[in-house]
Amino acid sequence: MPHRSYLVGLIGSGIGPSLSPALHEREAGRQGLRLVYRPIDIDTLGVPPEAVGDLLRAARDLGFDGLNITHPCKQLVIEHLDALAPQAEALGAVNTVVFEDGRAVGHNTDVTGFAASFARGLPDAPLERVVQLGAGGAGAAVAHALLTLGAGRITVVDALPERAAALAGSLNRAFGDRRAAAAPPDRQAGLLAHADGIVHATPTGMAAHPGLPLPAELLHRGLWVAEVVYRPLVTELLRTARTLGCATLDGGGMAAFQAADAFRLFTGREPDAARMLADLTELAGAVGASN
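Residues numbered from 1 in each chain as written. Predicted model: local features only at pLDDT ≥ 70, side-chain atom pairs only at ≥ 80, totals over all residues. Heavy atoms only, no water.

A look at the sheet that holds strand E11 (residues 224–227)
Working step 1: With parallel pairing, six strands are arranged side by side in an open sheet as E9-E8-E7-E10-E11-E12. One side of each edge strand has no neighbouring strand; the edge strands of this open sheet are strand E9 (180–183) and strand E12 (247–249). Taken over all neighbouring pairs, the strand axes of this sheet differ in orientation by 20° on average, direction set aside.
Working step 2: Bridging between strand E10 (residues 197–200) and E11 involves four bridges; their strand directions are parallel. Pairing of Gly-197 across the sheet is with Trp-224, part of E11.
Working step 3: Its contacts with the sheet place helix H6 (residues 137–148) against strand E7 (129–133), strand E8 (153–157) and E10, and it is angled at close to 170° to E7. (Pairing = 2+ DSSP bridges. Helix = DSSP H or I, 4+ residues; strand = E, 2+ residues; numbered from the N terminus. Axes fitted to C-alpha atoms, helices over the stretch in contact; angles between N-to-C directions. Contact = heavy atoms within 4.5 Å.)

Listed below in structure tokens is the structure:
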């Protein structure tokens, strides 16, 4: 009996450079599956983020098996879904939609992707006091992952104080009082002096946003440093931290493991996550060389 084929896609803004199509299609090919992964870029289509509902319906009508959802549609898509997995509901964000029996079910594999990457890359890292830079969509996923892994207390720092406060509030509701707090950027120095580690979840350090997300002198050898950005794999933050002797984690693992979890949801087949991580490292390295 021949294997069925799969049609999946990615809805978001500026997604031309995404590595998701290659990650999914390579893994499918190795498993003898036919899978086509189509980027659906709202910028190219000339539609606003709010059109995600129309795009979702169109994909379902056209026979898609599922969709990945990225910035700026991860929250906006929720009202158009029939059901949410517990992780997506707790987070208030969806990055994977599976069409099952005519229903659209939302999942979030960013949380499980970061948790798997952290457990693999920094298995012995102390988690009593963690400082996180960034309270956006990636930041919410990472904070949930760290608290699930047993972090004692996370202090969220964001340029928008109300956004940091909102994330800290939702984390405390989900995980218990005093597990999370918000702080303005001008308190970073004091926080980092006594922290176990720092997680960076803002766009700073991406190819289009080079630089450091905090003053270099605030980093010290006693910190572990985890990065969400994966293009480039070695950001200025990681380069600086490694020079100081910090244990570090690049953003490649989160990107590869969230893709592996989405692949499992789309196909029902068990992906080789380590192989997908090797793919991502190769693809991101090639991109870095060509930029």
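Topic: the sheet that holds strand E3 (residues 66–69)
Working step 1: If you trace the six strands from one edge of the open sheet to the other, you get E2-E1-E3-E5-E6-E4, paired in mixed fashion. Sheet topology places strand E2 (34–41) and strand E4 (83–84) at the edges, where each strand pairs with a single neighbour.
Working step 2: Bridge count between E4 and strand E6 (residues 103–107): two bridges; the pairing is parallel. Each residue of the ladder has a partner; that of Ala-83, found in E6, is Val-105.
Working step 3: Where helix H1 (residues 20–30) meets the sheet, it contacts E2 and E3, and its direction lies at approximately 170° from that of E2.

Structural notes on helix H9 (residues 236–244)
Working step 1: Residues of H9 that are buried: Leu-237, Leu-238 and Ala-241. Considered in projection along H9, the buried side chains sweep an arc of 95° and stay on one side of the axis.
Working step 2: The inward-facing, buried residues of H9 contact E10, E11 and E12.
Working step 3: Looking one or two residues beyond H9, the residue adopting positive phi is Gly-245, at roughly 90°. (Buried < 20%, exposed > 50% of the residue type's maximum accessible area, 1.4 Å probe, protein only. Arc of directions from axis to C-beta.)

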